[in-house]
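Single-letter residue listing:
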Amino acid sequence: MKITSQFLREKYLDFFKQRGHAVIQSASLIPENDPSVLFTTAGMHPLIPYLMGQKHPCGTRLTDVQKCVRTGDIEEVGDDSHLTFFEMLGNWSLGDYFNRQSIQWSYQFLTDPAYLGLDVNRLSVTVFAGDDDAPRDEDSAQTWQQCGIPADRIYYLPKKNNWWIAGTTGPCGPDTEIFWDTGKPACGEHCDPSCDCGKYLEIWNNVFMQFNRQADGTYLPLVQKNVDTGMGLERTVCVLNGYKSVYDIDLFERALQTIQQLSGKNYGADAKTTRAMRIIADHVRTATFLLGDPVGVVPSNVDQGYVLRRLIRRAVRMANSLDMPKGSIVQIAQVYVDVYKDVYPELTDNRAKIVDELVKEEEKFSKTLVAGEKEFFKVISHIPGNVVPGGTAFKLYDTFGFPVEMTVELAAENGYQVDVEGFRQKFAEHQAKSHAGSEQRFKGGMAEGGGVEITRLHTATHLLQAALRRVLGDEVKQKGSNITTERLRFDFSFGRPMTADEIAETERLVNWAIESDLPITCEEMPLDDARKTGAIGLFGDKYGQVVKVYTMGNFSKEICGGPHANSTGELGHFVITKEQSSGSGVRRIKAELHSK
Ligand code: SER
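Since this is a predicted model, take the numbers as computed values, not measurements.

S.K.: With reference to specific residues and values, describe the site of the ligand.
M.R.: For the ligand, the full set of nearby residues is Ala42, Arg70, Met88, Trp164, Asn205, Val207, Asp228, Thr229 and Gly230. In this structure, Asp228 approaches the ligand through a side-chain N or O atom, which is 2.5 Å from an oxygen atom. Taking Gly230, its main chain carries an N or O atom lying 3.2 Å from an oxygen atom of the ligand. Mapped onto the shell around the ligand, the elements with two or more residues apiece are strand S8 (200-213) and strand S9 (219-232). Residue contributions to the shell around the ligand peak at 3 residues, all from S9. In terms of residue class, the shell around the ligand is made up of 4 nonpolar, 3 polar and 2 charged.

S.K.: Residues and numbers for helix H4 (residues 138-147), please.
M.R.: The complete set of buried residues in H4 reads Ser140, Ala141, Thr143 and Trp144. In an axial view of H4, the angular spread of the buried residues amounts to 160 degrees, which keeps them on one side of the axis. Residues of H4 that are buried sit in contact with helix H3 (99-111), strand S4 (123-128), strand S5 (154-157), strand S7 (170-181) and S8. At the C-terminal side of H4, Gly148 shows a positive phi close to 130 degrees.

S.K.: Pulling in residues and values, what's your account of the packing of helix H7 (residues 250-263) against helix H8 (residues 271-291)?
M.R.: The geometry of H7 relative to H8 is characterised by a closest axis approach of 10 Å and an angle of 120 degrees between their N-to-C directions. Between H7 and H8, the interaxial angle falls into the category oblique. In the packing of H7 onto H8, the handedness of the crossing is right-handed. Residue-level inspection shows Leu251, Phe252, Leu256, Ile259, Gln260 and Ser263 of H7 in contact with H8, the latter providing Met277, Ile280, Ala281 and Arg285. Considering only residue class, the contact of H7 with H8 consists of 7 nonpolar, 2 polar and 1 charged.

S.K.: Outline the packing of H8 against helix H9 (residues 303-321), supporting the account with residue identities and numerical values.
M.R.: The description of two packed helices rests on the angle between their axes and on the distance between the axes. Packing of H8 against H9 brings their axes to within 9 Å, and their N-to-C directions diverge by 145 degrees. When you trace H8 past H9, the crossing you get is left-handed. Side by side, H8 and H9 meet where Arg275, Ala276, Ile279, Ile280, His283, Val284, Thr286, Ala287, Leu290 and Leu291 of the first sit next to Leu308, Leu311, Ile312, Arg314, Ala315, Met318, Ala319 and Ser321 of the second. Here the contact of H8 with H9 is composed, by residue class, of 13 nonpolar, 3 polar and 2 charged.

S.K.: Would you mind going over H3 in detail, with residue names and values included?
M.R.: Working note: α-helix, 3.6 residues per turn, so residues spaced by three or four point in the same direction. For H3, spanning 13 residues, the distance from its first C-alpha to its last is 18 Å, which sits close to the expected 18 Å at 1.5 Å a residue. All of the buried residues along H3 are Asn99, Ser102, Ile103, Trp105, Ser106, Tyr107, Phe109, Leu110 and Thr111.

S.K.: Report on the environment of Ala22, specifying residues and quantitative values.
M.R.: Relative to the helices and strands, Ala22 resides in strand S1 (residues 22-24). Overall, Ala22 belongs to the partly exposed group, its relative accessible area being 21%. When the C-alpha atoms of Ala22 and Cys58 are compared, they prove to be 6.3 Å apart, with 36 residues separating the residues in sequence. For Ala22, the contacting residues outside a window of four places in its chain are Cys58, Arg61, Leu62 and Thr63.

S.K.: Tell me what's going on with the confidence of the model for the protein, and back it up with residues and numbers.
M.R.: Chain-level pLDDT for the protein is 90 on average; 94% of the residues reach the 70-or-more range. This stretch, residues 436-450, has a pLDDT under 50; its non-local contacts, to residues over four places away or in other chains, come to 31 contacts. Segment residues 539-543 is flagged for pLDDT under 50; beyond a separation of four residues in sequence, or across chains, it makes 14 contacts in the model.

S.K.: An account of the pattern of salt bridges is requested, with residue identities and associated values reported.
M.R.: Enumeration over the complete set of coordinates arrives at 36 salt bridges. For Lys244, the salt bridge is made with Asp80, and the minimal N-O distance between the two is 3.1 Å. Here Lys244 is found in the loop between helix H6 (233-241) and H7, whereas its partner Asp80 is found in the loop between strand S2 (61-69) and strand S3 (85-94), with 164 residues between them in sequence. Judged by its relative accessible area of 27%, Asp80 is partly exposed. Here Arg317 makes a salt bridge to Glu409, at a shortest N to O gap of 3.4 Å. Placement of Arg317 in helix H9 and of Glu409 in helix H14 (residues 404-413) is noted, with a sequence separation of 92 residues between them.

S.K.: Describe in detail the environment of Tyr336, supporting the description with residues and values.
M.R.: Mapped onto the elements, Tyr336 comes out in helix H10 (residues 328-339). Counting along the chain gives 52 residues from Tyr336 to Val284, while the straight-line C-alpha distance between them is 8.6 Å. Other than its neighbours up to four places away in sequence, Tyr336 contacts Leu251, Phe252, Ala255, Ala281, Val284, Arg285, Thr288 and Leu347.

Thresholds, definitions, all that
- Starting from 1, residues in each chain are numbered consecutively following that chain's sequence as written.
- Residue-level local features of this predicted model are given only where pLDDT is at least 70; pairs of side-chain atoms are given and counted only at 80 or more, and the full residue set underlies all totals for whole chains, interfaces and linings.
- To obtain the side-chain values, all non-hydrogen atoms of the structure were included, while hydrogens and water were left out.
- The nearness test applies per residue and asks whether one of its heavy atoms lies within 4 Å of the molecule or strand.
- What qualifies as a polar contact is a pair of N or O atoms within 3.5 Å, subject to a donor-acceptor requirement within protein and to the restriction that residues adjacent in sequence count only when both atoms come from side chains.
- Under the scheme used here, helices are H or I runs from DSSP no shorter than 4 residues and strands are E runs no shorter than 2 residues, and both carry numbers assigned from the N terminus.
- Any residue outside Ala, Val, Leu, Ile, Met, Phe, Trp, Tyr, Cys, Pro, Asp, Glu, Lys and Arg is labelled polar, Gly included; the first ten of those are nonpolar and the last four are charged.
- Between buried and exposed lies partly exposed: a residue is buried under 20% and exposed over 50% of the maximum accessible area for its type, with that area taken using a 1.4 Å probe on protein chains only.
- What the arc describes is the spread of directions from the helix axis to the C-beta atoms.
- We call two residues contacting when some pair of their heavy atoms lies within 4.5 Å.
- All axes here are fitted lines through C-alpha atoms, helices being fitted over the stretch that makes contact, and every angle between N-to-C directions spans 0 to 180 degrees.
- An angle counts as roughly parallel when it lies under 35 degrees, as roughly antiparallel when it exceeds 145, as roughly perpendicular when it falls between 65 and 115, and as oblique in every other case.
- Crossings are classed by handedness, with left-handed meaning an anticlockwise turn of the near helix from the far one by less than a right angle and right-handed meaning a clockwise turn.
- Expected span of a helix, by definition, is 1.5 Å for each gap between consecutive residues, and there is one gap fewer than residues.
- Known as pLDDT, the predictor's per-residue confidence is scaled from 0 to 100.
- Whenever Lys or Arg places a side-chain nitrogen within 4 Å of a carboxyl oxygen from Asp or Glu, that contact is recorded as a salt bridge.

Here is the structure:
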């Protein structure tokens, strides 16, 4: 039986819906209140507050298909398995059922003929072997055995394999992982699911989240025991069909066909062509989802915008190497909008933006790509040795728009290296000169105690939006928000720069609200009722039908997931540090809270 992505999505959600789970929408690819990551990299990111004990409006059992972007292995894309965008199927217990129930359901979903009907003889599992932080997970092993997995296919592995955490701090716990036996012979006596010889492929990860890892490396118990399971959609469809490559699944079929038509070359003709076509197929898909996201990103030189630019430009360079005509990238993006039209209607809603931004970016870069490559080859024909100087990489970046990673890749293709440190120095000198250094890249990890700062800044964001609407009018609507431990950043629709007086008045209103120490209350209600109260709501019914409405005195009423301070007096003194453009018709404010 051929398994399609839609078949797996439907079966999965249906199975958990029948077991009391509320189906929730995928959250945005851009985390709204988490400064430690640029993108949503796992289903748990948007759910962190609820894993920590906050009440979720849809209850304690949830199931979803979450859009994720991971660019850590971007260099590997083009091989059989790596992708920068994927969908994660998940089921969640927020302090409700725990490991036994989770395992029993996973087993049933995988083996029951009404669902996947997989051959139990081809399933193996791993469980946590135990250490000083948490005990050996005999209980999960026993549950697997009761389900029908024989003891010799249950493996105990250490933290390195069987513990899940996003980053270095936060909710985490031991997990049990489920593997599919591809039928390849074992590579040796010690071949087990932790081996990467290709015999065992992971299809599902059930995490029993019950700890909160602190910055000092200690583990505190969470207020509740949760289950977070994750099944990568593309990967599982590939594995279950017995395909060799994830690019063989239904989701890539039409895009790869289009790439072949546009290039006049055959996918699979040779390794280089295959790799280039896969990179195009992957990067254009990710770019389409980032541009089409309800929060949305546009190409730029910092943060998420930089990653997006890198993806698009790399796809353009690969397309050029396959002699594809200008405009190809947009055509492929259009194919994806169609492929995903029923599952992610936001792509269709944002089709014009996707097309527009891709046309602009491709246009901009095509102009300099050929000249930049020429410059590169001129330089390498003159330099002694095989290291491209940092100054050259900077010129390619500054004059020809080559992301430094592209220069590194181009160099590698020709047997050269790049002095990346030298590039960074030139870059820093240039930034100091142009005073452009105030935009900071995100840093990994959140400072200890940062949660309080973030909660305050998040609360201040509500006051800011309310103040802006009073000063500038109702045309002001949130377009994006990002909070680090140091500052808030708020993007909103407004057609012109704010005047100094408007900025001062906005600041004054927010500080007035803080000094008035307004109480902050939260009520849960159906979305329609919330709208009737006049609450402003930003991202539709992302949280399902019942929503939380946060009220701050008479000043602000907003639909939001929280968390928030208890009263506005806790915030400190509010200072706007920057007001600037963030694309056409969108302004961006950065602001800080200073202690009084
Ligand atoms: N958080 C786990 C993962 O991403 C399970 O969802 O693998």
